[in-house]
Amino acid sequence: MTAHPIPRVLATALLLAAIGKAEFPAAQSRQILPTTYYNTFSHANAVLARIRSGDTVSTRTIDASGRDEKGEARASGPNPLTGPFYVEGAEPGDALAVRFTRMRMNRNWGFSNYRLGLYALTPESIESLYPNRYRPDEIIKGRASVVPWDLDLDRQMVRLREPKSGVLKMEFPARPMLGCVGVAPAGDFAPTSSPAGSYGGNLDYNEIAEGTTVILPVYHPGALLFIGDGHALQADGEPTGTGIETSMDVEFTVTLRKKANLSGPRAETSEHIISIGSQPEFVSSTNRGLEMATTDMVNWLVADYKLEPWAAHLLVGYQGRYDIVTVAGTVALKIPKKQLP
């Protein structure tokens, strides 16, 4: 009996399927809940879980003071971090795209600072400020400068519980976001969870919400991703020094982008691509953040969208929008996707 050869197309398909099963197992959806939290973006912190490109992770973050969805103290502040997540195959020079598919408040209260930070005001206005004291120890032991907010999970609204204004009903639509998203930075540098940098960190950017993808450079094998510092709502710039701080349920999907060679964090929303001039607050000029964001955006438009350098400059010049991410530090530049090739 004559053996008939397998058709070439079928043979190729079978080979690819076999390779896929052997080397590229199907992406998984996993619930990964932390028991330990960190206050540094350090490559030396013990790995919470190993995940693969394409995996979707459901997890939780605790608030900036270290309290969970039940109000119980789980860690010390500031900004305890969930992670790190080790992404298989991530190597220095790659990029990690983290798409937040779900970001929801999971308790009915939060807190914020009582007044604007001095860094957000002119020096001559400081003498007329009201005292930065409300009720000592009521929300955070040892602090008198915070006020409570009620979070309506059904209506997705936030309302200042006290003090009461005689003029304005302090109730606003919630917009949950994460203040901290980052990877372990290069070398043995282990910054705390307070500043931001090229690795991401405490970005405090209110565009990092449900539906947004954050893109981070990789400096260590596995990338070592951390998240934390949930806010029910935050204005541009975080001018009080806090959002409405609360715990959060978070779901994200990671995708590895090989040899991306980014200089700092980027983001994508449904409407914009965003370059983030990420730097520590209070030690750097916002002008420097603007320069970093603009330079990265030009490079992005030329490298990925194949614009001529002059076209990239003019697109930024007439379609770009700048966000003050933090009052005394980071600036972001947004380009509408509808204007891209």
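Above this text you will find the structure in question.
Not measured: the values here are computed from a predicted model. (Residues numbered from 1 in each chain as written. Predicted model: local features only at pLDDT ≥ 70, side-chain atom pairs only at ≥ 80, totals over all residues. Heavy atoms only, no water.)

Visitor: I'd like to hear about the nonpolar core, residue by residue, with values.
Guide: In terms of nonpolar packing, the biggest core is built from 52 residues, with Leu96, Phe100, Val181, Leu225 and Phe252 touching the most fellow members. Those residues within four positions of Val181 in sequence are excluded, and the remaining contacts are Phe41, Phe100, Tyr199, Gly200, Gly201, Leu203, Ile208, Val214, Leu216, Leu225, Phe226 and Ile227. The next biggest cluster of nonpolar side chains, apart from the first, holds 14 residues, and it includes Ala293, Ala312, Leu315 and Ile335. (Core = buried A, V, L, I, M, F, W, Y, C linked by side-chain atoms within 4.5 Å. Buried < 20%, exposed > 50% of the residue type's maximum accessible area, 1.4 Å probe, protein only. Contact = heavy atoms within 4.5 Å.)

Visitor: Explain the pattern of salt bridges residue by residue, including any values.
Guide: Per the counting criterion, the structure on display carries 22 salt bridges. Between Glu88 and Arg50 there is a salt bridge, and its shortest N-O distance comes to 2.8 Å. With a gap of 38 residues between them, Glu88 in the loop between strand E4 (81-87) and strand E5 (95-105) and Arg50 in strand E2 (residues 49-51) connect regions that are remote in the sequence. You can call Glu88 partly exposed: its relative accessible area is 33%. Note that Glu291 is salt-bridged to Arg288, the shortest N-O span being 3.9 Å. Note that Glu291 and Arg288 are positioned in helix H2 (residues 286-305) at a spacing of 3 residues, about one turn of the helix. Using a relative accessible area of 43% as the deciding quantity, one classes Glu291 as partly exposed. Judged by relative accessible area, Arg288 falls into the partly exposed class, the value being 47%. In the salt-bridge network here, residues are joined through shared partners; they are Asp152, Arg155, Lys169 and Glu171. (Salt bridge = Lys/Arg side-chain N within 4 Å of Asp/Glu carboxyl O. Helix = DSSP H or I, 4+ residues; strand = E, 2+ residues; numbered from the N terminus.)

Visitor: So what about helix H3 (residues 309-319)? Which residues, and what values?
Guide: Residues of H3 that are buried: Ala311, Ala312, Leu315 and Val316. Each buried residue of H3 sits inside an arc of 135° when the element is viewed along its axis, so together they form one side. Residues of H3 that are exposed and point more than 90 degrees away from the buried face comprise Pro309, Trp310, His313 and Tyr318. Where H3 is buried, its residues touch H2, strand E18 (321-324) and strand E19 (331-336). (Arc of directions from axis to C-beta.)

Visitor: Tell me about the sheet that holds strand E12 (residues 200-202), and please be specific about residues and values.
Guide: Reading across from one edge, E2-E4-E14-E10-E12-E11 is the order of the 6 strands in this open sheet, with mixed pairing throughout. Strands at the two margins of the open sheet, each flanked by one partner only, are E2 and strand E11 (196-197). As paired elements, E4 and strand E14 (residues 225-231) share 3 bridges and run antiparallel to each other. Its bridge partner lying in E14, Phe85 is registered against Leu225. (Pairing = 2+ DSSP bridges.)

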